Structure formats: C-alpha cells, structure tokens
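# A look at the structure
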Amino acid sequence: MLVFGGATSLRKVIELLDQVFESNKEIFSHLEKLSKYIKEIGSIQLRNTASLAGNLALAKKCPEFLSDLIAPLTALNAKLELFSVTEAQSREVSISEYFPEDTDAGSLIQSICIPLASNQSFKFSCSKICPREDNARSFMNAAFRWILKRTRQSNRTKLFLVVLQTSRKSCGGQKRNKIP
C-alpha cells in the first residue's frame, strides 16, 4: 500500500509514483497511468504547491469545484485516514464515504492510502476531458479498474479463458449552469 501524507504536494506524489513504477513496470503499470494523469492537473506551479488533502477538502467544501483526483482514487479503492479534532482519534474511510457534505465536520485528512496491485491481472485506466491540454478545468473525469482471472480451460489445449473477477468505475463531471 502506498501511503501519502495529506500535505504531500502533487509534484511529490508524481515523483513517488514514478519511483515505484520503475521498481517493477509490469506489476505497477497502473501507477504510471496515475502519474501521467496527475501531470495533467493544473500548471507546474500548482502541482508544486497543491496537496492531495487540499484538493479533496476543497472539493468537499465547495461542491462546484471538480476535483480531478476523486475519480482515479475512487477507482483504485483509495482510503483516507481522517483525524477528528473533536474526538482526538483517527479513522479510515473510503472516498465515497468522505464526500457527503454533512459528514466529518472537524476532521482533517491525515493520509491517503492507495492499494498496490499484486498481480498482472490488475488493469487500470483514467482520463479527463478538457478544453485544452494544460492548466484547464476538466469537463469530465473517468477512471476504471478491472481484476481479471485467467483460468485454464483444458489440460490438452493451451486455451485460456479470461474472466472479469471484479471491476470498479468512477466518473465525475462539471455541472453546467443554465443562462436565464
């Protein structure tokens, strides 16, 4: 599991994802895709200063802000470790559990935990639609994760059957305001 402190900048997240990917490119190919996706968020200056927790907290506080991180983190089944200021204790929640507006008042995102794929049957893809390539607010974000199971169909033949074991998808979009 990769664990990032809430204050980790997006630039540092990219560096760490790339390091883990380089350690085993076949197993951690999803981290390269996530790294490339994060490189498309904002400008270089923004990625140098923006934090993971800040991005998610802003999306919670201001629903009109479309966080580019929610879709891929949800698809990857990432967890947030929240520290409750009032209760002085930590607890772990999923991204979807964090986002109802009336929950977790007085809680800080202490860390973001991203599970690592442990086999080659794990597939991941994420993308976003923007008016231009750099420093643009996205219209839509989407991320997908599949876990495939390979089974041998026959001992005499070399035919394999690939079965979708589990899948997870996450999409987000910008709400259009109607002009009266």
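One can find the structure itself at the top, above this paragraph.
Scoring rules and cut-offs
Residues numbered from 1 in each chain as written. Predicted model: local features only at pLDDT ≥ 70, side-chain atom pairs only at ≥ 80, totals over all residues. Heavy atoms only, no water. Helix = DSSP H or I, 4+ residues; strand = E, 2+ residues; numbered from the N terminus. Buried < 20%, exposed > 50% of the residue type's maximum accessible area, 1.4 Å probe, protein only. Contact = heavy atoms within 4.5 Å. Areas by Shrake-Rupley, 256 points an atom, 1.4 Å probe, with all protein chains shown as cover. Pairing = 2+ DSSP bridges.

### Some remarks on the overall build of the chain
If you tally the helices and strands in the chain, you get 6 helices and 7 strands. Its helices and strands taken in sequence order, the chain reads β-α-α-α-α-α-β-β-α-β-β-β-β from the N to the C terminus. Each of the 180 residues in the chain was classed as buried or not, and the buried ones make up 38%. A fraction of 60% describes how many contacts in the chain between residues 6 or more apart in sequence connect residues 24 or more apart. For the chain, the computed accessible surface area is about 11000 Å², with 52% contributed by carbon and sulfur atoms.

### Observations concerning the environment of Asn55
If you trace the backbone, Asn55 turns up in helix 4 (residues 52-61). Owing to a relative accessible area of 11%, Asn55 belongs among the buried residues under this scheme. Along the sequence, Asn55 and Ser67 sit 12 residues apart, while their C-alpha atoms lie 6.4 Å from each other. In contact with Asn55, other than residues within four places in its own chain, are Phe65, Ser67, Asp68 and Leu69.

### Quick notes on the pairing of strand 2 (residues 79-84)
Of the two faces of strand 2, only one is covered, namely that formed by Leu80, Leu82 and Ser84; the face formed by Lys79, Glu81 and Phe83 stays uncovered. In terms of strand pairing, strand 2 meets strand 3 (residues 89-94) through 6 bridges, oriented antiparallel. Paired with Glu81 across the two strands is Glu92, which belongs to strand 3. The turn joining strand 2 and strand 3, which pair antiparallel and follow one another in sequence, is formed by 4 residues; a positive phi near 55° is taken by Ala88. Looking at chain direction, strand 2 and strand 4 (residues 107-114) are connected through 6 bridges and run antiparallel. Bridge assignment links Leu82 to a residue of strand 4, and that residue is Ile109.

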